[in-house]
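Structural overview for review
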Amino acid sequence: MKKLAAITFTSMVLLLATAMAVGAADSVEIRGKVATGTDTWTADDFAGFYYDLDDDIKTEELTATVTEGNKLMEPEGVVYTTKVMADDFDYEAWGSYNVIGFMADKYFAGYIDTPDSVEDVLFEESDDENVLSDEQLLKILMDNDDERTVTSGTPLAMEEGYELSIAAIDIDGNKVYLELSKDGAVVDSKVISPSKDGATMKDKTYYYKKDIGDSKDVVIVAAHFKNAFRGAEQNLATIDGLWQLSDNPRDVSENTEYDKMTIQTVTADSIMMNNEDNDITLSKNKDITLMPGVSIRTADADELRYYLYKEITEPGTYEIRGNVATDTFTWTADNFAGFYYDIDDNIKTEELVATISEGNKLLEPSGVVYTTKVMADDFEYEPWGSYNVIGFMAEKYFAGYIDTPDSVEDVLFEESDDENILSDEQLLQILVDNDDERTVTSGTPLALEEGYELSISAIDIDGNKVYLELSKDGAVVDSKVISPSADNAGMKDKTYYYKKDIGDSKDVVIVAAHFKNAFRGADQNLATVDGLWQLSDTPKDVSENTEYDKMTIQTVTADSISMDIEDNDITLSKNKDISLMPGVSIKTADADELRYYIYKEAIIEGEGEVAEVENETAVVTPVNDTEKVVEEAKESVEEANKTVEEAKEVVEEAKEEVAEAEAKVEETAEAPANQTPGFGSIFALTGLLAVAYLVLSRRD
């Protein structure tokens, strides 16, 4: 029993560790357009590639050439090229530099000379201005022209451990003595004179240069000082231009390999890679890393369907944008990754049309028209059948259950009174839909979303009947008996379901669990769940005339919704950020010509941001203690593995004891009057049955 307990405990600890890891590894997937054969992606149709809307800067291109039906043959099955483009510093007086997108990230390639000018201090002070010529790139860490005040007591914190501080200012406030430190150690000091009469750009700019790899004396830190003052208690200065490059170069030398891609050529202004020596087969349901930042995902389908994507895990706020437009344009899930899309079943339901009038206006009511229609989708636990799914405001929703003709397997449809909730002008968020096998015990309820828990209250002596209770926020809201292990058990016998009124929809099944089997043990009862479904009990209102920011719902049918901008003219003036509806906004370029896209905002929380826990008395085992317990449990598991053969003998002996126990049951067992009918208590018998189950499961 100790060994079996060790196995159970180890499983629980490892599952907890896995759950914690999954929670911490929150991510955002930014995908490109979906392809079915040879195709090419640029920043226009793959939002993962670097793009600057204001200056229309896009440098990357990837072409996948499909042969033999689903193969990307080396060396030119995948060809990736990127070229530098000029970009202005945010502090424009410094001039410009070459920027390049590389592996879906923004990099610095070199400083650009501004002819007949002495303002381009960063170019002038760098010996090797073009780092790409030295086959390397630098990450741009800071580039802004925000005004900020630096005092002698508060250094300016920068990236990678750098800090810029005021050491002293002369009595006239003309000369500023600055120190740059990294990780607490001073690496540079310099005197500048931002406030003197006739101060030049060089007088006002602090810069720090150093050797980076093969590039000599590259300016990696620069700060433009607008002025400086000497005070009675502390000195202060105003900075209105800040620039920083990483001092860790990215190697882009020829023949460098990045996953399946190899750099073939590097020039002063371009890089080309291909999949030399790496044939790639686009078989179904594959996730293939091409290079850091760019992967391929294929559909779990017989026909070829795939897309590029970039996964982001670093905490922050990100834009998932659609194709860039310059006039009237239409977005669907094909060219806007923010809209709901299921690659396996090719489900895409949303469409937004922006109609430009008078040069830059979206005039009400039809300047923006959004439509979405339901599509059928299978439950992950497929025997249950299918349901209608719909994308709404860039999120996935449940619209209704679908009848499966000549079938009694579609329990969720059959048991719901109002199967189509979209007909009642509302939608429900899908919280859980999976067919993962999991074990539920009488001591460990199955945790669901929105405060729900499904627990085993009791199992009868034969393991046929399972008494279940569903609670929300600790209060029981439903109980039911199912018979998953009975002879000839049907779908309804094996499926627990809970239905309730949701808004105007009556008796909608919002929780369902399919039980594969159930067993009664000596110490606890257990069952295997292999299908799980949950809908939110808080509906999304989609009734006609409901307003969402600038959009108003105009029509709702049993299978569609349409919205427009009734009473809301929109002017796409430059440098605007306009919320159309929750989940979808418009951003315009800071440029005289019209350039805009729609986008969805995604947030990844940092590791330090922990959700509030309602149960304040919960105890968290320290990591070191947990690791120690896991190690001890692993040793117990290894010892237990050695006893599997012994356990087989126990099972054989158990068969004889079960027969004897059955005889005794017939003679003496009689359930107490106050006990739940069918839920007797013979611990010796059921304990042996549990051992048999565990051992036989181990053998399988």
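Our subject in this report is the structure included herewith. Please read all numbers here as calculations on a predicted model, not as lab measurements.

Parameters and conventions
- Residue indices begin from 1 for each chain and proceed along its sequence in written order.
- Two thresholds apply to this predicted model, a pLDDT of at least 70 for residue-level local features and 80 or more for giving and counting side-chain atom pairs, whereas whole-chain, interface and lining totals are computed over all residues.
- Excluding hydrogens and water, the side-chain figures rest on all heavy atoms present in the structure.
- Numbering of helices and strands runs from the N terminus; a helix is a DSSP stretch of H or I covering at least four residues, while a strand is a stretch of E covering at least two.
- Accessibility here uses a 1.4 Å probe with only protein chains present; expressed as a share of the type maximum, an area under 20% marks a residue as buried, one over 50% as exposed, and anything in between as partly exposed.
- What makes two residues a contact is simply this: any of their non-hydrogen atoms within 4.5 Å.
- Only the protein chains shown count as cover for residues, and the accessible areas themselves come from Shrake-Rupley with a 1.4 Å probe.
- Cavities and pockets are found on a 1 Å grid laid over the protein atoms alone: a cavity is a set of points where a 1.4 Å probe fits but cannot escape, a pocket is an open set with protein on both sides within 12 Å along at least five of seven lines, and a lining residue has an atom within 4 Å of such a point.
- Grid points are joined across faces, edges and corners, and a volume is the space filled by probe spheres set on the points.
- Amino acid classes used here: Ala, Val, Leu, Ile, Met, Phe, Trp, Tyr, Cys and Pro are nonpolar; Asp, Glu, Lys and Arg are charged; the rest, including Gly, are polar.
- Stacked, tilted and edge-to-face pairs are distinguished by plane angle, under 30 degrees for stacked and over 60 for edge-to-face with tilted covering the rest, among Phe, Tyr and Trp rings (Trp via its six-membered ring) whose centres lie within 6.5 Å.
- Remark: a charge is flagged as sitting over a ring if the NZ atom of Lys or the CZ atom of Arg is within 6 Å of the ring centre and within 35 degrees of the ring normal.
- Note on definitions: salt bridges are taken to be side-chain nitrogens of Lys or Arg within 4 Å of carboxyl oxygens of Asp or Glu.
- Under this definition, polar contacts are N or O atom pairs within 3.5 Å; protein pairs additionally need one hydrogen-donor-capable and one acceptor-capable atom, and for neighbouring residues in sequence, both atoms have to be side-chain atoms.
- A pair of strands is labelled paired if DSSP reports no fewer than 2 bridges between them.
- Geometry is summarised by axes, namely lines fitted to C-alpha atoms with helices restricted to the contacting stretch, and by angles between N-to-C directions that run from 0 to 180 degrees.
- By definition, no residue in a patch forms a salt bridge, and every one has over 30% relative accessible area; like charges are joined within 9 Å, nonpolar side chains (Val, Leu, Ile, Met, Phe, Trp, Tyr) within 5 Å.
- For the purpose of charge, His is not counted, nor are the chain termini; Lys and Arg are scored as positive and Asp and Glu as negative.
- Charge positions come from single atoms, namely NZ of Lys, CZ of Arg, CG of Asp or CD of Glu.

A closer look at the overall build of the protein
Of regular secondary structure, the protein possesses eight helices and 54 strands. With 700 residues in all, the protein has 46% of them scored as buried. In the protein, of all internal contacts separated by at least 6 residues, the share reaching a separation of at least 24 is 54%. Carbon and sulfur atoms provide 44% of the accessible area of the protein, an area that totals close to 33800 Å².

Regarding the environment of leucine 132
With respect to the helices and strands, the residue leucine 132 is situated in the loop between α2 (121-125) and β11 (136-144). Residue classification places leucine 132 among the buried residues on the basis of a relative accessible area of 0%. Considering only alpha carbons, one finds leucine 132 and phenylalanine 108, 24 residues apart in sequence, at a separation of 8.5 Å. When sequence neighbours within four positions are dropped, the list of residues in contact with leucine 132 reads Val84, Ile100, Ala109, Leu137, Val252, Val266, Thr267, Ala268, Asp269, Ser270 and Ile271.

Some thoughts on empty space enclosed by the protein
In total, this model carries one cavity of 30 Å³ or more according to the counting rule given. Put simply, the largest cavity is a space of about 60 Å³. Every residue lining the largest cavity is counted, 15 residues in all, and those nearest its centre are Arg31, Asp45, Arg321, Asn335 and Ala337. For the lining of the largest cavity, the leading source of residues is strand β1 (residues 28-35), giving three residues. Of the residues assigned to the lining of the largest cavity, the class counts are five nonpolar, four polar and six charged.

Focus: the packing of aromatic side chains
The geometry of an aromatic ring pair comes down to the distance between the two centres and the angle between the two planes. This model, assessed by the stated rule, comprises 37 aromatic pairs. With centroids separated by 4.9 Å and ring planes inclined at 55 degrees, the aromatic side chains of tyrosine 97 and tryptophan 243 adopt a geometry described as tilted. Of this pair, tyrosine 97 sits in strand β9 (residues 96-102) while tryptophan 243 is found in strand β19 (residues 235-245), placing the two residues 146 residues apart along the sequence. For the pair formed by tyrosine 97 and tryptophan 243, the shared burial category is buried. Judged by centre distance (6.2 Å) and plane angle (55 degrees), the rings of phenylalanine 339 and tyrosine 370 are tilted. You can see phenylalanine 339 sitting in the loop between β29 (329-332) and β30 (341-342) and its partner tyrosine 370 sitting in strand β34 (residues 368-373), a full 31 residues away along the chain. The exposure class of tyrosine 370 is buried, given its relative accessible area of 0%. An aromatic cluster of three or more residues is present, and its members are Phe89, Tyr91, Trp94, Tyr97, Phe108, Tyr111 and Trp243. For arginine 297, the ring lying beneath its charged end belongs to tyrosine 309, and the centroid distance is 4.4 Å. Positioned above the aromatic ring of tyrosine 497 is the side chain of lysine 480, whose terminal nitrogen or guanidinium carbon lies 4.7 Å from the ring centre.

Description of the pattern of salt bridges
Oppositely charged side chains can pair when the atoms bearing their charge come close. Here the structure, examined in full by the defined rule, presents 26 salt bridges. Lysine 33 is the salt-bridge partner of aspartate 39, the closest N and O atoms lying 3.0 Å from each other. Between lysine 574 and aspartate 592 there is a salt bridge; the shortest N-O distance is 3.4 Å. A residue pair is termed long-range when its members are at least 10 positions apart, and lysine 574 in the loop between β51 (570-571) and β52 (577-581) and aspartate 592 in the loop between β53 (584-588) and β54 (596-604) qualify at 18 residues. Several salt bridges share partner residues, and in doing so they unite Glu29, Asp287 and Arg297 into one network.

A closer look at the side chain of serine 126
In this structure, serine 126 sits in the loop between α2 and β11. Overall, serine 126 belongs to the buried group, its relative accessible area being 3%. Among the polar contacts made by the side chain of serine 126, one reaches the main-chain carbonyl oxygen of leucine 122 at a distance of 2.8 Å. In this structure the side chain of serine 126 is engaged in a polar contact, spanning 3.1 Å, whose partner is the backbone nitrogen of valine 219. Serine 126 has contacts with Tyr111, Asp217, Val218 and Val219, leaving out every residue within four places of it along the chain.

Some details on unusual backbone geometry
A cis amide bond, omega 5 degrees, links glutamate 74 with the succeeding residue proline 75. Considering the arrangement of structural elements, one finds proline 75 in the loop between β6 (71-72) and β7 (78-83). With an omega of 0 degrees, the peptide bond running from glutamate 364 to proline 365 counts as cis. Within the secondary structure, proline 365 is located in the loop between β33 (361-362) and β34. A positive phi is found at alanine 104, a non-glycine position, where the angle reads about 65 degrees. Along the chain, the position of alanine 104 falls in the loop between β9 and β10 (105-112). The phi torsion at asparagine 575 lies on the positive side, around 60 degrees, for a residue other than glycine. Here asparagine 575 lies in the loop between β51 and β52.

Points about the sheet that holds strand β40 (residues 446-447)
Read from one edge to the other, the open sheet built from four strands follows the order β40-β41-β42-β43, with strand pairing classed as antiparallel. With partners counted over all chains shown, the strands left at the sheet margins are β40 and β43 (475-482), one partner each. With seven bridges connecting them, strand β42 (residues 466-472) and β43 associate as antiparallel partners. Within β43, the residue paired with leucine 468 across the bridge is lysine 480.

Comments concerning the sheet that holds β1
The strand order β1-β27-β26-β25 describes an open sheet built from four strands, whose pairing is antiparallel. The open sheet has two edge strands with one neighbour each: β1 and β25 (287-291). If you compare each strand with its neighbour and ignore which way they point, the axes differ by 30 degrees on average.

Digging into a negative patch on the surface
Where like charges cluster on the molecular surface, the negative patch consists of Asp54, Asp55, Asp88, Asp90, Glu92, Asp145, Asp146 and Asp590. Counting through the fold element by element, aspartate 88 comes out in strand β8 (residues 85-88).

So, the pairing of strand β17 (residues 205-212)
Each regular strand shows side chains that alternate between the opposite faces of the sheet. Two elements, β17 and strand β18 (residues 215-230), share seven bridges in a ladder whose sense is antiparallel. Across the sheet, residue lysine 210 finds its bridge partner in β18, namely valine 218. The antiparallel hairpin formed by β17 and β18 contains two residues in its connecting segment, where glycine 213 sits at a positive phi of about 60 degrees.

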